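Summary of structural features
Below are the chains, spelled out letter by letter.
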Amino acid sequence: MAWSGCVLRSLARQELLSSASRTRLKHGFQQRSAFRRPAKKTDAKRVEEEVVPSHTEASEAWTTKRAVDPPQIIKIPKTPPRNFGRLVKPLVFTVGFTGCSFAAAAIWQYESLKSRVQSYFDELRADWMEKLRPQKQGDFRKEINQWWNSLSEGQRTVTGIIAANVVVYCCWRVPALQRTMLRYFTSDPSASKAVCSSMLLSTFSHYSLLHLAANMYVLWSFSSSAVSMLGPEQFLAVYLSAGVVSTMASYVAKTASGRFGPSLGASGAIMTVLAAVCTKMPEAKLAIIFLPMFTFTAGNALKAIVAMDAAGVVLGWRFFDHAAHLGGALFGIWYIMFGHELIWKNRDSLVRVWHNLRTGGPGGPGGGADGGAGSA
């Protein structure tokens, strides 16, 4: 009986302890006691796993959530989108390059006029020697010379420009040159490198064959009128300056709108040539190549082009770089109305300085104030 009583008391005591332990687990905590069974770690882990998911499960759940609904990645630009301070270097380059272009054109015209007499005698001697030499049939060089002499002065002037555009177009087809072409032959004001040199190089860059063909056709069509009106030296200065000025206009529009992206093509410079011819000869008749039966005056065509590009800039059209087109057209109009008098007519002082350098001073052979080029 005593053993059975001890056993009963022990069982009752264990029952009480078990009941108290279950109560403590139910309330979520345990109290320290001198007599208790060690808590099972597996049960605690199981309870913890039921309440809080493990790190692995949380990671898997987050990964699954990201796979279903990816968060938006916001790219913070290095500089503010409308930071006009980035346009200081392109503006300085535009002004400096334009001045150097016209200065070089004035010096080139001086050298051409100076060597014209010598060239005349050289041509006479060449014709006399040609008569003494036996005629060669099928000479390829002679055929090239005949073709070259059959071209107008304007067509001969733009032949080099067209050849340069074709070479750059072929470079776009070389996979190893893609990175270089994107860096130096596309213009973008947000580019950290080549932001100035690309203003000029992108003028000779075309990625699409249709784009190249259309631009070169328009340039070839207006070259004779433009060169006869300006002369080859002044024409090249205007064309190269127009490429940089139109790109500067594109930079300003992109910075103001915050819509950055690469641009390329000779459209801005060609728009300057077209606008110059249309401003100088507004009554000239023009026609579209695919619709030759419809004709219109050059003045009306220029108004329509300017209006369309202005609308493209205001409305944010992205099919063309309308800002570059508009900048080129406005530069052509301004040059015919004001720029020719302000820039080209005032080149005599520069030519006089160059003449003095070439002849060793005002008192040198051929010196004098009237040794410069004419003002035509």
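Definitions and cut-offs
- Residues numbered from 1 in each chain as written.
- Predicted model: local features only at pLDDT ≥ 70, side-chain atom pairs only at ≥ 80, totals over all residues.
- Heavy atoms only, no water.
- Helix = DSSP H or I, 4+ residues; strand = E, 2+ residues; numbered from the N terminus.
- Buried < 20%, exposed > 50% of the residue type's maximum accessible area, 1.4 Å probe, protein only.
- Contact = heavy atoms within 4.5 Å.
- Core = buried A, V, L, I, M, F, W, Y, C linked by side-chain atoms within 4.5 Å.
- pLDDT = per-residue confidence, 0-100.
- Polar contact = N/O pair within 3.5 Å; in protein donor to acceptor, adjacent residues only side chain to side chain.
- Salt bridge = Lys/Arg side-chain N within 4 Å of Asp/Glu carboxyl O.

Once that is clear, we can look at the overall build of the protein. A count of helices and strands for the protein gives 15 helices and 2 strands. Of all 376 residues assigned to the protein, the portion counted as buried reaches 31%. Long-range contacts, defined here as pairs at least 24 residues apart, represent 71% of the contacts in the protein between residues at least 6 apart.

This brings us to the nonpolar core. If you look at the biggest cluster of nonpolar residues, it comprises 56 residues, and the most contacted ones within it are Met216, Leu219, Phe235 and Tyr239. Residue contacts for Tyr239: discarding those within four places in its chain leaves Ile161, Leu219, Ala266, Ala269, Ile270 and Val273.

We now examine the confidence of the model for the protein. Looking at the protein as a whole, its pLDDT mean stands at 77, while 68% of the residues score no less than 70. Counting interchain partners and residues more than four positions distant, the pLDDT-below-50 stretch residues 20-38 has 9 contacts. Between residues 41-69, whose pLDDT stays under 50, and residues either more than four places distant or in other chains, the model counts 1 contact.

Attention now moves to the side chain of Asn165. Following the sequence through the fold, Asn165 ends up in helix H7 (residues 153-172). With a relative accessible area of 0%, Asn165 lands in the buried category. Within the structure, Asn165 has its side chain in polar contact with the backbone oxygen of Ile161 (distance 2.6 Å). With sequence-adjacent residues up to four places away left out, Asn165 is seen in contact with Thr203, Phe204, Ser205, His206, Leu212, Met216 and Ala266.

Turning to the environment of Val252, a few remarks are in order. Considering the arrangement of structural elements, one finds Val252 in helix H11 (residues 232-257). Spatially, the C-alpha atom of Val252 lies 9.7 Å from that of Ala324, the residues being 72 residues apart in sequence. Beyond its immediate chain neighbours, meaning those up to four positions away, Val252 contacts Phe84 and Leu87.

Quick look at the pattern of salt bridges now. Counted by the stated rule, this structure contains 1 salt bridge. Salt-bridge contacts for Glu111 lead to Arg358; the nearest nitrogen and oxygen are separated by 2.8 Å. Taken together, the residues span a long stretch of sequence, with Glu111 in helix H4 (residues 88-114) and Arg358 in helix H15 (residues 348-359) at a distance of 247 residues.

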